[in-house]
Amino acid sequence: MTKPVVAIVGRPNVGKSTIFNRIVGERISIVEDVPGVTRDRIYSSAEWLNTTFNIIDTGGIDIGDEPLLTQIRQQAEIAIDEADVIIFMTNGRDGVTAADEEVAKILYRSNKPVVLAVNKIDNPDMRENIYDFYTLGFGEPIPISGTHGLGIGDLLDAVVAHFPKREMKEYDADVIKFCLIGRPNVGKSSLVNAILGEERVIVSDIAGTTRDAIDTTFKRDGQEYVIIDTAGMRKRGKVYESTEKYSVLRALKAIERSDVVLVVINAEEGIIEQDKKIAGYAHEAGRGVVIVVNKWDAIEKDEKTMNEFEQKIRDHFQFLDYAPIVFVSAKTKQRLHKLLPVIQMVSENHAMRVQTNVLNEVLMDAVAMNPTPTHNGQRLKIYYMTQVAVKPPTFVVFVNDPELMHFSYERFLENRIRDTFGFEGTPIKIIARPRN
Ligand SMILES: Nc1nc2c(ncn2[C@@H]2O[C@H](COP(=O)(O)OP(=O)(O)OP(=O)(O)O)[C@@H](O)[C@H]2O)c(=O)[nH]1
Ligand SMILES: Nc1nc2c(ncn2[C@@H]2O[C@H](COP(=O)(O)OP(=O)(O)OP(=O)(O)O)[C@@H](O)[C@H]2O)c(=O)[nH]1
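On a predicted model such as this, the values are computed, not experimentally measured, just so you know.

**Q** Pulling in residues and values, what's your account of the site of ligand 2?
**A** Of all residues adjacent to ligand 2, which total 17 residues, the nearest are Lys188, Ser189, Ser190, Asp297 and Ala330. Within the side chain of Asn294, a nitrogen or oxygen atom sits 3.1 Å from a nitrogen atom of ligand 2. With respect to ligand 2, the backbone of Ala330 contributes an N or O atom lying 2.8 Å from an oxygen atom. Look at ligand 2: alone it shows 650 Å² of surface, and the protein chains cover 72% of it. For the shell around ligand 2, the leading source of residues is helix α5 (residues 188-196), giving three residues. Considered class by class, the residues forming the shell around ligand 2 number five nonpolar, six polar and six charged.

**Q** A description of the sheet that holds strand β2 (residues 43-48) should follow, citing residues and the corresponding values.
**A** Overall, mixed pairing links the six strands, which are arranged β2-β3-β1-β4-β5-β6 in an open sheet. This sheet does not close on itself; its edge strands, each paired only once, are β2 and β6 (142-143). Note: β2 against strand β3 (residues 51-57), six bridges, orientation antiparallel. Pairing of Ser44 across the sheet is with Ile55, part of β3. Against the sheet, helix α1 (residues 16-24) engages β1 (5-9), β2, β3, β4 (85-91) and β5 (114-119), with an angle of about 160° to β3.

**Q** Can you explain the nonpolar core? Please cite residues and give values.
**A** Phe88, Leu107, Ile181 and Ile291 are the most contacted members of the largest nonpolar core, which has 66 residues in total. Element by element, the count of residues in this core is highest for helix α6 (residues 244-256), at seven residues. Looking at this core, you find at least three residues from each of domain 1 (5-161) and domain 2 (176-349). Here Ile181 is in contact with Lys188, Ala251, Ile255, Val261, Leu262, Val263, Val264, Ile278 and Ala282, once residues within four sequence places are set aside.

**Q** Can you break down the packing of aromatic side chains residue by residue, with the values?
**A** What describes a pair of aromatic rings is the distance from one ring centre to the other and the angle between the planes of the rings. Tallying each qualifying case throughout the model produces 14 aromatic pairs. Pairing Trp296 with Phe309 gives two aromatic rings, centres 5.7 Å apart and planes at 85°, and the pair type is edge-to-face. Of this pair, Trp296 sits in the loop between β12 (288-294) and α8 (305-316) while Phe309 sits in helix α8, and the two are 13 residues apart along the sequence. Judged by centre distance (4.9 Å) and plane angle (25°), the ring pair of Tyr384 and Phe398 falls under stacked. Here Phe398 lies in strand β17 (residues 394-399) and Tyr384 lies in strand β16 (residues 382-389), a separation of 14 residues in the sequence.

**Q** Pulling in residues and values, what's your account of the side chain of Ser258?
**A** Assignment of secondary structure puts Ser258 in the loop between α6 and β11 (260-266). Overall, the relative accessible area of 4% leaves Ser258 in the buried class. Leave out the neighbours within four places in its chain, and Ser258 touches Lys177, Phe178, Cys179, Ile228 and Arg287.

**Q** Summarise helix α2 (residues 68-82); cite the residues concerned and give the values.
**A** With 15 residues, α2 should cover 21 Å at 1.5 Å per step; its first-to-last C-alpha distance of 21 Å lies within 8% of that length. Counting buried positions along α2 gives eleven out of 15 residues, so the element sits mostly inside the fold. Next to the buried residues of α2 lie β1, β3, β4, α3 (98-108) and α6.

**Q** Tell me what's going on with the pattern of salt bridges, and back it up with residues and numbers.
**A** For the coordinates displayed, the defined rule picks out 15 salt bridges. When the shortest N-O distance is used, the salt bridge between Asp94 and Arg11 registers 3.0 Å. Remark: Arg11 occurs in the loop between β1 and α1 and Asp94 occurs in the loop between β4 and α3; sequence separation between them is 83 residues. Given the relative accessible area of 45%, Asp94 is considered partly exposed. A salt bridge links Arg418 to Glu414, with the nearest nitrogen and oxygen atoms 3.0 Å apart. You can see Arg418 and its partner Glu414 sitting in helix α11 (residues 407-421), four residues apart, about one turn around the helix.

**Q** Describe in detail helix α7 (residues 273-284), supporting the description with residues and values.
**A** Taking 1.5 Å per residue, twelve residues should reach 16 Å; α7 reaches 17 Å between its end C-alpha atoms and fits that length. Of all the positions in α7, only Asp275, Ile278, Ala279, Gly280, Tyr281 and Ala282 are classed as buried.

What counts as what
- Residues numbered from 1 in each chain as written.
- Chains lettered and ligands numbered in written order.
- Predicted model: local features only at pLDDT ≥ 70, side-chain atom pairs only at ≥ 80, totals over all residues.
- Heavy atoms only, no water.
- Near = heavy atom within 4 Å.
- Polar contact = N/O pair within 3.5 Å; in protein donor to acceptor, adjacent residues only side chain to side chain.
- Areas by Shrake-Rupley, 256 points an atom, 1.4 Å probe, with all protein chains shown as cover.
- Helix = DSSP H or I, 4+ residues; strand = E, 2+ residues; numbered from the N terminus.
- Nonpolar A, V, L, I, M, F, W, Y, C, P; charged D, E, K, R; others polar.
- Pairing = 2+ DSSP bridges.
- Contact = heavy atoms within 4.5 Å.
- Axes fitted to C-alpha atoms, helices over the stretch in contact; angles between N-to-C directions.
- Core = buried A, V, L, I, M, F, W, Y, C linked by side-chain atoms within 4.5 Å.
- Buried < 20%, exposed > 50% of the residue type's maximum accessible area, 1.4 Å probe, protein only.
- Domains from an automatic or database assignment.
- Phe/Tyr/Trp six-rings, centres within 6.5 Å; stacked < 30°, edge-to-face > 60°.
- Expected span 1.5 Å × (residues − 1).
- Salt bridge = Lys/Arg side-chain N within 4 Å of Asp/Glu carboxyl O.

The structure is reproduced here in structure tokens:
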């Protein structure tokens, strides 16, 4: 199921990132007393009353050198484009400002539900400050205080009440969903076209998803595939669409809806820091990953080149050591036929389940081979292990004391599991729990 998306908009310094952090539940963005501070985390999942959703802090999307008012307007447009519900944030200490009215004007034009929040109402005496805000025309303003964590529950109640009632339609479980991510110009669009080739392509417009998220459905060798957010790869003319943060946001949304992520690298340019960052998103999201080296036709090579390039990738992307690498050319279609079978294999591994009894045989062998570590005279004891989830495969291992489960031992267990069962292309998670 697609999760609903909530976006926070408002002029600088009203407290958007403070509230974002409150809602997300950890302090992941850096709050500073300077308007327009760029922050790293702008998109995260969150939960309220057993409902999960994704939340965007549009204040974190830096539009560049545009005048302030233009930036605020564009952030409001992003919210309208990307979100199901918008939190319009204002500052109760300043009253209604011209910039607030500007934001309101843009939000009127959308038919997205808007929840109006008045922040910095730090104590009950200040509550009367909210009455001014009725003039913005979004109904009852909700008083909140980011600093003191007041009113956040009321705010989220109002937000959740606007979520679409029907479950948003997604694809059948046996359809393989994948997306392509990578820096501009690595050849994502060309790859999509080359993969699709002569296929009759069904462009689906899934109800309930963002209106410009166009997915492409096709069938090959009896298997159905969906390329998620194919349109997101094209430039579509709005100013903010060329900003880095916005493309990151689109990529994160696409990753979220996919089973397998193709991390596309340009062979001509080699690997740069930005590639690493992009690959990191796929890994963190727990999706299957295939590293695709494109434009392989464009470089001079001998019999060693591919191995050398592969080694470079392994050095740079150590966290993706499980991901297969495919060298292709969208231009000449070289080795392109290998791509879908690899995607299919990774997707199967991502959803693979291992029986508990087989798993525990492997575990016992592993422990016999490599005794568990000790810490302060206490030895880690491992009782048993069971797979609790797929996508990605997640294992809970019951132990005497989770503190004794050292990273390197966890890594050892992961490798034993991989050696035995495969799991190529998918991250796996191991969680140590105390046995009661
Ligand atoms: N008194 C008070 N101060 C607050 C509250 N919430 C946030 N602030 C302060 O307001 C300032 C701005 O907060 P931010 O969360 O960075 O605001 P923002 O809207 O994300 O700002 P931009 O980064 O410019 O978009 C910080 O100094 C916060 O500590 C609140 O509820 N009460
Ligand atoms: N030589 C060569 N050129 C390629 C190949 N694939 C793509 N290109 C070229 O690389 C350029 C960028 O290709 P696109 O498909 O637009 O790249 P993109 O990643 O979708 O780019 P953005 O839309 O900017 O994110 C174009 O000029 C393509 O013709 C390839 O396999 N070999």
